[in-house]
Amino acid sequence: SQTIHQWPATLVQPVGSPLSLECTVEGTSNPNLYWYRQAAGRGLQLLFYSVGIGQISSEVPQNLSASRPQDRQFILSSKKLLLSDSGFYLCAAGTVPLYEQYFGPGTRLTVT
Amino acid sequence: AQSVTQLDSQVPVFEEAPVELRCNYSSSVSVYLFWYVQYPNQGLQLLLKYLSGSTLVKGINGFEAEFNKSQTSFHLRKPSVHISDTAEYFCAVTTFSGGYNKLIFGAGTRLAVHP
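Residues numbered from 1 in each chain as written. Chains lettered and ligands numbered in written order. Predicted model: local features only at pLDDT ≥ 70, side-chain atom pairs only at ≥ 80, totals over all residues. Heavy atoms only, no water.

Undergrad: Run through the pairing of strand β7 (residues 65-70) of chain A, naming residues and quoting values.
TA: Pairing of β7(A) with strand β8 (residues 73-78) of chain A involves 4 bridges; the strand directions are antiparallel. Note that in β8(A) the partner of A:S65 across the bridge is A:S77. (Pairing = 2+ DSSP bridges. Helix = DSSP H or I, 4+ residues; strand = E, 2+ residues; numbered from the N terminus.)

Next up, the structure:
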């Protein structure tokens, strides 16, 4: 079965600082990878997805970017954080034809 | 476009009582449906899924859900809840585009089990 690792678990960053969140996957090859954001008390918003190394698709135009330098590594970045970037960031992996996605433990980001 | 509606944002219930969390989806074409649970400050855990076959799906922790194609619903049920079931529950449906699958999530239902 798949295991999704995310770090850091929590992060407090000032406005205007850079961001790098990392996600790694164990137990599967060539997964589809996803970044979601969950604002306080709200549902999940899909930010980025990737079907392979170097292949990134953005769902929502914003201050963030994603990269996939290795098959099982997915990175979420920002050059300058905004207050509105605060939230709970979840990485997920899915494989066809199982269709479901498996989630990591999440990173709680607070921008001050 | 696919959408998922969870009709109740919060559901309070007493321990050992039955509970139903409601979910409706928008499309009538073939769909794959999921329920996830999220405990505070944790990721999402898959409770159960419907891909095909029997419309009554059993999952972990005593939960089950029934797929109703005519009503485009996938309600989650548990006959007797425990305090430990207090969590946020998300219904999701798969949509396919360009060879990959995306999950469309509902807004979530917060289940609060009281002693």
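Alright, that's what it looks like, and here's the rest.
Undergrad: Lay out the nonpolar core with the relevant residues and their values.
TA: Counting 29 residues, the largest nonpolar core has B:L33, B:W35, B:L47, B:L48, B:F74, B:L76 and B:Y89 as the members making the most contacts within it. Setting aside its immediate chain neighbours within four residues, B:L47 contacts B:W35, B:Y36, B:V37, B:G59, B:I60, B:N61, B:F63, B:L76 and B:Y89. Core analysis: the next-biggest nonpolar cluster, separate from the first, contains 20 residues, A:L21, A:C23, A:F48 and A:V111 among them. (Core = buried A, V, L, I, M, F, W, Y, C linked by side-chain atoms within 4.5 Å. Buried < 20%, exposed > 50% of the residue type's maximum accessible area, 1.4 Å probe, protein only. Contact = heavy atoms within 4.5 Å.)

Undergrad: I'd like to hear about the state of the cysteines, residue by residue, with values.
TA: Two cysteines form a disulfide when their sulfur atoms are joined by a covalent bond. All names here are of chain A. Per the stated rule, a full pass over the model turns up 2 disulfides over all chains. Across the disulfide, C23 is cross-linked to C91 (sulfur-sulfur distance 2.0 Å). Around the S-S axis, the bridge from C23 to C91 shows a dihedral of about -65° and counts as left-handed. Of this pair, C23 sits in strand β3 (residues 19-26) while C91 sits in strand β9 (residues 87-94), and the two are 68 residues apart along the sequence. Residue classification places C23 among the buried positions, given a relative accessible area of 0%. C91 sits in the buried class, given a relative accessible area of 0%. (Disulfide = S-S within 2.5 Å.)

Undergrad: How would you sum up the interface of chain B and chain A? Please name residues and give values.
TA: At the interface, 21 residues of chain B touch 23 residues of chain A. Between chain B and chain A lies a buried interface of about 1,800 Å² when both sides are counted; carbon and sulfur atoms form 57% of it. For the pair chain B and chain A, the interface holds 2 salt bridges. With a shortest N-O distance of 2.7 Å, A:E100 and B:K49 are connected by a salt bridge. Connecting chain B to chain A are 6 residue pairs in polar contact (both at pLDDT 80 or more). (Buried area = accessible area lost by both parts, 1.4 Å probe. Salt bridge = Lys/Arg side-chain N within 4 Å of Asp/Glu carboxyl O. Polar contact = N/O pair within 3.5 Å; in protein donor to acceptor, adjacent residues only side chain to side chain.)

Undergrad: How would you sum up the environment of A:T3? Please name residues and give values.
TA: All names here are of chain A. Looking at where T3 falls in the secondary structure, it is placed in strand β1 (residues 3-7). Along the sequence, T3 and G87 sit 84 residues apart, while their C-alpha atoms lie 22 Å from each other. Those residues within four positions of T3 in sequence are excluded, and the remaining contacts are T24, V25 and E26.

Undergrad: Any chance you could break down the pattern of salt bridges for me, citing the residues and the numbers?
TA: Residue and element names in this part refer to chain B. The tally for this structure, following the rule as stated, stands at 10 salt bridges over all chains. Among the ionic pairs, D8 bridges to R22, the shortest N-O distance being 3.0 Å. In this pair, D8 sits in the loop between β1 (4-6) and β2 (10-14) while R22 sits in the loop between β3 (19-21) and β4 (23-25), placing the two residues 14 residues apart along the sequence. Taking relative accessible area as the criterion, R22 reaches 32% and is therefore assigned partly exposed. Of the charged contacts in the structure, one is a salt bridge between D85 and K78, with a shortest N-O distance of 2.8 Å.

Undergrad: Summarise the confidence of the model for chain B; cite the residues concerned and give the values.
TA: Summary statistics for chain B give a mean pLDDT of 91 and a share of 94% for residues scoring 70 or more. The element-level mean pLDDT for chain B is lowest in strand β11 (residues 100-105) of chain B, coming to 81, with β3(B) highest at 98. (pLDDT = per-residue confidence, 0-100.)

Undergrad: An account of the sheet that holds β7(A) is requested, with residue identities and associated values reported.
TA: Either a parallel or an antiparallel arrangement is found when strands of a sheet pair, and the pairing is made through backbone hydrogen bonds. All names here are of chain A. The strand order β1-β3-β8-β7 describes an open sheet built from 4 strands, whose pairing is antiparallel. Every other strand in the sheet has two partners, leaving β1 and β7 as the edge strands with one partner each. For this sheet the average axis-to-axis angle between neighbouring strands, irrespective of direction, equals 20°. As paired strands, β1 and β3 are joined by 5 bridges and run antiparallel to one another. (Axes fitted to C-alpha atoms, helices over the stretch in contact; angles between N-to-C directions.)

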